[in-house]
Amino acid sequence: MLKATVDAVHAVGGRVAVHCQTGEGSRNAVLAGADSLEHGMHLDPDLLDLMAEQGTAYILTLPAFAESAEVWRGRESSAKRSSWLLGWQGMIDNVRLAHEAGVTVLAGTGTFPCGTVATESQWLLRAGMPAEEALGAASWTARDWLGLPGLIDGAPADLVAYDRDPAAEPEVLGPPMRVILRGQVMR
């Protein structure tokens, strides 16, 4: 059923994003050819090569789960606690593995109120993704995956600027020095 849905959406030029927090759901999404897998808790790392091959992006939204991880660690031992913490650790481990497999890893903001892509980039970096790729997950890689132009002549002038290079000093992420959206200075 999911494969038929994905095929039907693709047939009309759409994309399918699947949000999963179980191994079975993550597996079904990847095998159905979903365009992106959000969260992917309990994702079997053996599926990463297929994700890379078919172009399934991995959007973990780690900040949304980081706070919950602390809550689960403080709870009494149980099968549910163990499963949740195993899934969280798997998400962290899969960042580096996905990057190494060639999966497009993108920054997500799945917290409420919505988190920031800067925080997600910092989590991707902590989880083992190289700094430039962690920044790209929140910017140029994401724009490319969405089919939006980068910083080229004639493209919308969307950018953020920092007073120091965030690839060299990721701690400067957060409020940028300058924000330009569609050519208009916002900050």
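Residues numbered from 1 in each chain as written. Predicted model: local features only at pLDDT ≥ 70, side-chain atom pairs only at ≥ 80, totals over all residues. Heavy atoms only, no water.

1. A look at the sheet that holds strand β7 (residues 184-185)
Ordered in space as β5-β6-β7, the 3 strands form an open sheet in which the pairing is antiparallel. Here the strands that pair on one side only, and so sit at the sheet edges, are β5 (159-161) and β7. Bridge count for β5 against strand β6 (residues 178-181) is 3 bridges, and the pairing is antiparallel. The residue of β6 that forms the bridge with Ala-161 is Arg-178. (Pairing = 2+ DSSP bridges. Helix = DSSP H or I, 4+ residues; strand = E, 2+ residues; numbered from the N terminus.)

2. A look at the environment of Gly-87
With respect to the element layout, Gly-87 can be found in helix α5 (residues 79-101). Accessibility expressed as a relative area gives 0% for Gly-87, which makes it buried. Measuring from C-alpha to C-alpha, the distance between Gly-87 and Leu-148 comes to 32 Å, with 61 residues separating the pair along the chain. With sequence-adjacent residues up to four places away left out, Gly-87 is seen in contact with Met-41 and His-42. (Buried < 20%, exposed > 50% of the residue type's maximum accessible area, 1.4 Å probe, protein only. Contact = heavy atoms within 4.5 Å.)

3. Quick word on the packing of aromatic side chains
What the rule picks out here adds up to 3 aromatic pairs. With a centroid separation of 5.9 Å and 15° between ring planes, the pair formed by Trp-72 and Trp-84 is classed as stacked. Of this pair, Trp-72 sits in helix α4 (residues 62-73) while Trp-84 is found in helix α5, placing the two residues 12 residues apart along the sequence. Accessibility expressed as a relative area gives 12% for Trp-72, which makes it buried. On the basis of an interplanar angle of 75° and a centroid distance of 5.5 Å, the ring pair of Trp-88 and Trp-123 is categorised as edge-to-face. (Phe/Tyr/Trp six-rings, centres within 6.5 Å; stacked < 30°, edge-to-face > 60°.)

4. Focus: the pairing of strand β1 (residues 17-20)
Where burial is concerned, the two faces of β1 differ: the one with Val-18 and Cys-20 is buried and the one with Ala-17 and His-19 is not. Where β1 meets strand β2 (residues 36-39), 4 bridges bridge the pair, whose relative direction is parallel. In the strand pairing of β2, His-19 is matched with Glu-38. Remark: the β1/helix α2 (residues 23-31)/β2 crossover connection has right-handed handedness. (Right-handed = clockwise from strand over helix to strand, strands pointing away.)

5. Observations regarding the packing of α4 against helix α6 (residues 117-126)
As a packed pair, α4 and α6 sit with axes 9 Å apart at the nearest point and diverge in direction by 70°. Relative to α6, the element α4 is oriented roughly perpendicular. Residue-level inspection shows Leu-62, Pro-63 and Ala-66 of α4 in contact with α6, the latter providing Thr-119, Glu-120, Trp-123 and Leu-124. Residues belonging to the contact of α4 with α6 are distributed by class as follows: 5 nonpolar, 1 polar and 1 charged. (Axes fitted to C-alpha atoms, helices over the stretch in contact; angles between N-to-C directions. Parallel < 35°, antiparallel > 145°, perpendicular 65-115°, else oblique. Nonpolar A, V, L, I, M, F, W, Y, C, P; charged D, E, K, R; others polar.)

6. A few points about the sheet that holds strand β4 (residues 105-106)
Two modes of strand pairing occur in sheets, parallel and antiparallel, and in both the strands are linked by backbone hydrogen bonds. With respect to topology, 4 strands assemble into an open sheet ordered β1-β2-β3-β4, the strand pairing being parallel. Looking along the sheet, the strands with just one partner apiece sit at the ends: β1 and β4. With 3 bridges connecting them, β2 and strand β3 (residues 57-59) associate as parallel partners. In the sheet register, Glu-38 faces β3, and the bridge partner there is Ile-59. In the packing of α2 onto the sheet, contacts are made with β1 and β2, and the angle to β1 comes to roughly 165°. α5 contacts β2, β3 and β4 of the sheet and is inclined by roughly 150° relative to β3.

7. What about the confidence of the model for the chain?
With 97% of its residues at a pLDDT of 70 or more, the chain shows a mean pLDDT of 91. Confidence scores differ between elements of the chain, with β5 showing the lowest mean pLDDT of 86 and helix α3 (residues 48-54) the highest of 98. (pLDDT = per-residue confidence, 0-100.)

8. Describing the pattern of salt bridges
Under the counting rule described, the total for this entry stands at 5 salt bridges. Residues Asp-7 and Lys-3 are paired through a salt bridge, measuring 2.9 Å at the closest nitrogen-oxygen approach. With Asp-7 and Lys-3 both in helix α1 (residues 2-11) and 4 residues apart, this pair spans about one turn of that helix. Accessibility expressed as a relative area gives 43% for Lys-3, which makes it partly exposed. The partner of Asp-158 in a salt bridge is Arg-143, and the shortest N-O contact between them spans 3.1 Å. Placement of Asp-158 in the loop between α8 (140-145) and β5 and of Arg-143 in helix α8 is noted, with a sequence separation of 15 residues between them. (Salt bridge = Lys/Arg side-chain N within 4 Å of Asp/Glu carboxyl O.)

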